[in-house]
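As a plain string of letters, each chain reads:
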Amino acid sequence: MRAVRKRMIPLRRSIVFGSLGLALGGCWDTPCYERNAKQKAFLDGLQALAKLALASNNPLRIEEAAKQSVALADKVGAFADWCGTLRTIEGNAETVAVTIEVGPQISLYAFNDWKLAMTGSAAGMLADLFSTRSRETPPPGLSDAAIAALKTFRLGERVKLGGRMGEIAGSGLFDLSRLFGKGEAENRRFLQSPRFVARIEALAAST
């Protein structure tokens, strides 16, 4: 009987430590973009809209989900302490444009120069939206502080960011619904990997 008890003690200890390891592992494995409640709520909302619409294979429902996704982004407004991964940097210090992934295949795009934006990686996304707007002397989409910080990062690095959703080059809020309605394929691609224009006011290394 004593021998049985001796054998059970190490087993119990392994169960306890194993459970503790799972608890700690679950904590450390939480993606950084899920640690900010406002960011997580935004991402969860986008994913819920996309999942139901794409599963339906109904082009009308897909179009509506794309528009609702844009409306959801507009409601975010100002944000702070979001976590993201720096994916692209284009232009120079004066005409810089950046793409920051803030969730699985979900990103923000900020730029300082309309001409670069129209010819860079986001050209297709922005062409129609800017077709009726002046391209002369636009205000910046990245603050001076954000640009200074940007010089210290490498592509693929995780960053902490703050700014405002829906603000194009700092010039105010726009109705992005004009990006949609072209066809099911465009709307479907947007739901699969949405990208939103934002003003980035603060950037820092993420811990």
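To be clear, the structure that these remarks concern was listed above.
Everything quoted here is computed from the prediction, not taken from an experiment.

1. Section: the environment of Ala 149
In step 1: Mapped onto the elements, Ala 149 comes out in helix α6 (residues 144-150).
In step 2: Measuring from C-alpha to C-alpha, the distance between Ala 149 and Ala 204 comes to 6.6 Å, with 55 residues separating the pair along the chain.

2. Side note on the packing of aromatic side chains
In step 1: Under the counting rule described, the total for this entry stands at five aromatic pairs.
In step 2: Ring centres of Phe 79 and Trp 82 lie 4.6 Å apart, and the angle between their planes is 35°; this geometry places the pair in the tilted category.
In step 3: In this structure Trp 82 comes out as buried when scored by relative accessible area, which is 0%.
In step 4: An aromatic cluster is defined as three or more aromatic residues linked by ring pairs; in this entry it consists of Phe 42, Phe 79, Trp 82, Phe 190 and Phe 196.

3. Some remarks on the state of the cysteines
In step 1: Enumeration over the complete set of coordinates arrives at one disulfide.
In step 2: The disulfide partner of Cys 32 is Cys 83, and the gap between their sulfur atoms is 1.9 Å. As the torsion about the S-S bond is roughly -85°, the Cys 32-Cys 83 disulfide counts as left-handed. With Cys 32 in the loop between α1 (2-28) and α2 (37-56) and Cys 83 in strand β1 (residues 78-90), this pair connects stretches of sequence that are 51 residues apart.

4. Describing the nonpolar core
In step 1: Leu 161, Phe 196 and Leu 203 are the most contacted members of the largest nonpolar core, which totals 37 residues.
In step 2: Ignoring sequence-local partners within four residues, the contact set of Leu 203 consists of Ile 100, Ala 146, Ala 149, Leu 150, Phe 153, Val 159, Lys 160 and Leu 161.

Criteria and thresholds
Residues numbered from 1 in each chain as written. Predicted model: local features only at pLDDT ≥ 70, side-chain atom pairs only at ≥ 80, totals over all residues. Heavy atoms only, no water. Helix = DSSP H or I, 4+ residues; strand = E, 2+ residues; numbered from the N terminus. Phe/Tyr/Trp six-rings, centres within 6.5 Å; stacked < 30°, edge-to-face > 60°. Buried < 20%, exposed > 50% of the residue type's maximum accessible area, 1.4 Å probe, protein only. Disulfide = S-S within 2.5 Å. Core = buried A, V, L, I, M, F, W, Y, C linked by side-chain atoms within 4.5 Å. Contact = heavy atoms within 4.5 Å.

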